[in-house]
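Geometric and topological summary
What follows is the residue order along each chain.
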Amino acid sequence: MSKTRTLRDGLTGSSITRLMGAHSALSAKLGEEAGFEAIWASGLEISAARALPDANILSMAECLEAAAEIAGAVDIPVLADCDSGFGGVGNVAHMVRSYESRGLAGVCIEDKQFPKLNSFVEGHQDLAPVGDFAAKITAAKEARRDEDFVVVARIEALIAGAGMDEALRRAAVYEAAGADALLIHSKRATPDEVYAFRAAYDGALPVIVVPTTYPQVTAAELAERGFGAVIYANQGLRASITAMRDVLAQIGAAGSTLAVEESIAGLKDVFALQKVDELLARQERHDELTATYSALG
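Residues numbered from 1 in each chain as written. Predicted model: local features only at pLDDT ≥ 70, side-chain atom pairs only at ≥ 80, totals over all residues. Heavy atoms only, no water.

1. Details of unusual backbone geometry
In this structure, proline 115 follows phenylalanine 114 across a cis peptide bond, with omega equal to -5 degrees. Within the element layout of this structure, proline 115 appears in the loop between strand 4 (106-110) and helix 6 (130-143). You will see that alanine 51, though not glycine, has its phi angle at about 60 degrees, which is positive. Within the secondary structure, alanine 51 is located in the loop between helix 3 (43-48) and helix 4 (60-73). Assessed through its relative accessible area of 70%, alanine 51 is described here as exposed. Of note in this structure, aspartate 83 is not a glycine but carries a positive phi near 50 degrees. By the element assignment, aspartate 83 lies in the loop between strand 3 (78-81) and helix 5 (89-101). For aspartate 83, a relative accessible area of 5% puts it in the buried group. (Helix = DSSP H or I, 4+ residues; strand = E, 2+ residues; numbered from the N terminus. Buried < 20%, exposed > 50% of the residue type's maximum accessible area, 1.4 Å probe, protein only.)

Below is the structure:
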């Protein structure tokens, strides 16, 4: 089954799909290793890995390259965070063709004005006009070559303080425009707001949530409420920052690595993630073929 079909079926299936955020091929492989059903090529993580704000500073080409590296490293689907679509409908169509051709299983675009600002940063969270964004959704669907390629419409009305009625209005319009799934975003400390949206939304699309600010909720609870997927969008990056900061401080203070060697991954683990065994096997096969063909000459 194709990755696009796997993602589509996962969003509409009987069990909830769990996506782990990633910013690199290595972090994606660790997410796959941990048993997540799909990977989220996170805009926040990709920007933060370059020490830049999540505010449309990176170009589409830079985001695409990172997402393609992530998709190429794993056997599970990757859904790409594409901010507000990198421009107008022409940009969105080009984005979809580009991401699809590089092995991504789907894209998610949000209904905020360019340049967007990360949803959890205090600042302007200006929504795009509903008709303008809906036209982008239709452009995305029309541009895809694989009918299973997933286009997710991310609703930021609750983040922007526009209220539940506006979020539901936008959900209905985006569904009519052809979205394959909705992502409802909230920065409340409890899941009550997204629960209320899910209960009130009477459309047919799967609904995705990102429980960054309400971490107490479980995937099982979200499944019971009728959500199709949950994205853990940035925890991997945050864990790596904490771990690296701690280990580097210890090395700097001690003047040696002795105290941290037992708590960090061994080189054998690194080599396994790099698939060094496959490289060596390939090299051995090359040597055998070289000898065989040399003898024929």
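2. A few points about the sheet that holds strand 2 (residues 38-41)
The parallel closed barrel is built from eight strands, whose spatial order is 1-2-3-4-5-6-7-8. Ignoring strand direction, the axes of neighbouring strands in this sheet form an average angle of 25 degrees. Strand direction decides the pairing type here: strand 1 (residues 17-22) and strand 2, joined by four bridges, are parallel. Looking at the pairing, methionine 20 lines up with isoleucine 39 of strand 2. Running at roughly 160 degrees to strand 5 (residues 150-155), helix 7 (residues 164-177) makes contact with strand 5 and strand 6 (181-184) of the sheet. (Pairing = 2+ DSSP bridges. Axes fitted to C-alpha atoms, helices over the stretch in contact; angles between N-to-C directions. Contact = heavy atoms within 4.5 Å.)

3. Examining the environment of asparagine 91
Mapping asparagine 91 onto the fold places it in helix 5. On a C-alpha basis, the gap between asparagine 91 and alanine 139 in space is 9.4 Å, while along the polypeptide they are 48 residues apart. Here asparagine 91 is in contact with Gly85 and Phe86, once residues within four sequence places are set aside.

4. Describing the side chain of serine 119
On the secondary structure map, serine 119 appears in the loop between strand 4 and helix 6. Among the residues examined, serine 119 registers a relative accessible area of 1% and is labelled buried. Residues contacting serine 119, with those up to four places away along its chain left out, are Lys112, Gln125, Arg154, Glu156, Ile159, His185 and Lys187.

5. With respect to the packing of helix 6 against helix 7
Interhelical geometry of helix 6 versus helix 7 gives an angle of 30 degrees and a closest axis separation of 8 Å. At the point where helix 6 passes helix 7, the crossing takes the right-handed sense. Residues Val130, Phe133, Ala134, Ile137 and Thr138 of helix 6 pack against Arg169, Arg170, Val173, Tyr174 and Ala177 of helix 7. Of the residues belonging to the contact of helix 6 with helix 7, the class tally is seven nonpolar, one polar and two charged. (Left-handed = near helix turned anticlockwise from the far one by under 90°. Nonpolar A, V, L, I, M, F, W, Y, C, P; charged D, E, K, R; others polar.)

6. Section: the packing of aromatic side chains
Tallied over the full model, the rule gives four aromatic pairs. Where tyrosine 195 meets phenylalanine 227, the ring centres are 6.3 Å apart and the plane angle is 35 degrees; that geometry is what we call tilted. Here tyrosine 195 is found in helix 8 (residues 192-200), whereas its partner phenylalanine 227 is found in the loop between helix 9 (219-224) and strand 8 (229-232), with 32 residues between them in sequence. You can call phenylalanine 227 buried: its relative accessible area is 4%. (Phe/Tyr/Trp six-rings, centres within 6.5 Å; stacked < 30°, edge-to-face > 60°.)

7. Looking at the layout of surface pockets
Reported here for the largest pocket is a volume of approximately 720 Å³. In terms of lining, the largest pocket is formed by 24 residues, of which the most central are Leu26, Leu30, Ser240, Met244 and Ala265. Within the residue set of the lining of the largest pocket, elements represented by two or more residues are strand 1, helix 2 (25-33), helix 10 (235-254) and helix 11 (267-273). The greatest single-element share of the lining of the largest pocket, amounting to seven residues, is contributed by helix 10. Residues of the lining of the largest pocket, tallied by class, amount to 14 nonpolar, eight polar and two charged. (1 Å grid on protein atoms, 1.4 Å probe; cavity = no way out; pocket = protein on both sides within 12 Å on 5 of 7 lines; lining within 4 Å. Points joined across faces, edges and corners; volume = space filled by probe spheres on them.)

8. Examining empty space enclosed by the protein
It is the rolling of a water-molecule-sized probe over the atoms that shows where space remains empty. The full count for this structure, using the stated rule, is three cavities of 30 Å³ or more. The volume enclosed by the largest cavity comes to roughly 150 Å³. What lines the largest cavity is a set of 18 residues, among which Leu44, Asn118, Arg154, His185 and Ala233 lie closest to the centre. Of the residues assigned to the lining of the largest cavity, the class counts are seven nonpolar, seven polar and four charged. Approximately 60 Å³ is the volume found for the second largest cavity. Taken together, Ala41, Gly43, Ile46, Ser47, Cys63, Ala67, Asp81, Asp83, Phe86 and Tyr99 form the lining of the second largest cavity. At the level of elements, helix 3 and helix 4 are the ones that each hand at least two residues to the lining of the second largest cavity. At three residues, helix 3 tops the list of elements feeding residues into the lining of the second largest cavity. Among the residues forming the lining of the second largest cavity, the class breakdown is six nonpolar, two polar and two charged.

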